[in-house]
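Letter by letter, the chains look like this.
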Amino acid sequence: EPEVTQTPSHQVTQMGQEVILRCVPISNHLYFYWYRQILGQKVEFLVSFYNNEISEKSEIFDDQFSVERPDGSNFTLKIRSTKLEDSAMYFCASSADRGTNEKLFFGSGTQLSVL
Amino acid sequence: AQRVTQPEKLLSVFKGAPVELKCNYSYSGSPELFWYVQYSRQRLQLLLRHISRESIKGFTADLNKGETSFHLKKPFAQEEDSAMYYCALLTGANNLFFGTGTRLTVIP
């Protein structure tokens, strides 16, 4: 089965630093997502992306966050100036289409630790 | 606003015993519900969705709109069922809204 790939698996950074989390969605997928899970809490939606622009974003996705599909294969999440509370597992996901008939494929996640 | 409630953070059952993971939801629209599973050191993956009315790995879930529930059931638990289970609701914006999850442990 095809997989969504995320790198790195674990990222440690200092507060205030910029981080870029990388994802390679499944090649024929068109819809891309970022979710995060703070330790002990639920998985939360951050942003969805389609046709090179943001489709939806949650309240969590403030001006410190941005997403990009720089080269047609990678899908990145950038946090401009990290805060301690950004420490979480970040999941990338992709799907061929939207709606209930389409399965969301998740990556294995990047554990971000902000010190 | 939507809400997905999984009241049990932890659930332990013996192998061969029935298991039920509870999920209740609150949503003003027509609900589309899913169960996702995350096995140890693996990624989140779709287990089943209510519209398919399918049984995956012996698990079933029925959407009860009257009780606003989507409980996950299996008649005979297996050790390999031990995992984290998340109930999720598809919102009108076509994004998944997850519950807090239930960690199921099947005791041999």
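Please read all numbers here as calculations on a predicted model, not as lab measurements.

Comments concerning the interface of chain B and chain A
Consideration 1: Contact residues are listed per partner, giving 20 residues for chain B and 22 residues for chain A.
Consideration 2: Across the interface of chain B and chain A, roughly 1800 Å² is buried in total on both sides, 55% from carbon and sulfur atoms.
Consideration 3: In this assembly, chain B and chain A are joined by one salt bridge.
Consideration 4: For B:Arg43, the salt bridge goes to A:Glu3, with nearest N and O atoms at 3.6 Å.
Consideration 5: Summed over the shared surface of chain B and chain A, the result is four residue pairs in polar contact (both at pLDDT 80 or more).
Consideration 6: Among the secondary structure elements, those contributing two or more residues to the side of chain B that touches chain A are strand E5 (33-38), strand E6 (45-49), strand E9 (83-90) and strand E10 (96-98) of chain B.
Consideration 7: Its residues assigned to classes, the side of chain B that touches chain A shows eleven nonpolar, five polar and four charged.

Some words on the sheet that holds strand E3 (residues 19-21) of chain B
Residues and elements named next belong to chain B.
Consideration 1: The three strands are arranged E3-E8-E7 in an open sheet whose pairing can be described as antiparallel. In this open sheet, the two strands that pair with only one neighbour each are E3 and strand E7 (60-61).
Consideration 2: Alignment of E3 against strand E8 (residues 72-74), held across three bridges, turns out to be antiparallel. Residue Leu21 lies in a different strand from E8, and its bridge partner there is Leu72.

Definitions and limits used
- Residues numbered from 1 in each chain as written.
- Chains lettered and ligands numbered in written order.
- Predicted model: local features only at pLDDT ≥ 70, side-chain atom pairs only at ≥ 80, totals over all residues.
- Heavy atoms only, no water.
- Contact = heavy atoms within 4.5 Å.
- Buried area = accessible area lost by both parts, 1.4 Å probe.
- Salt bridge = Lys/Arg side-chain N within 4 Å of Asp/Glu carboxyl O.
- Polar contact = N/O pair within 3.5 Å; in protein donor to acceptor, adjacent residues only side chain to side chain.
- Helix = DSSP H or I, 4+ residues; strand = E, 2+ residues; numbered from the N terminus.
- Nonpolar A, V, L, I, M, F, W, Y, C, P; charged D, E, K, R; others polar.
- Pairing = 2+ DSSP bridges.

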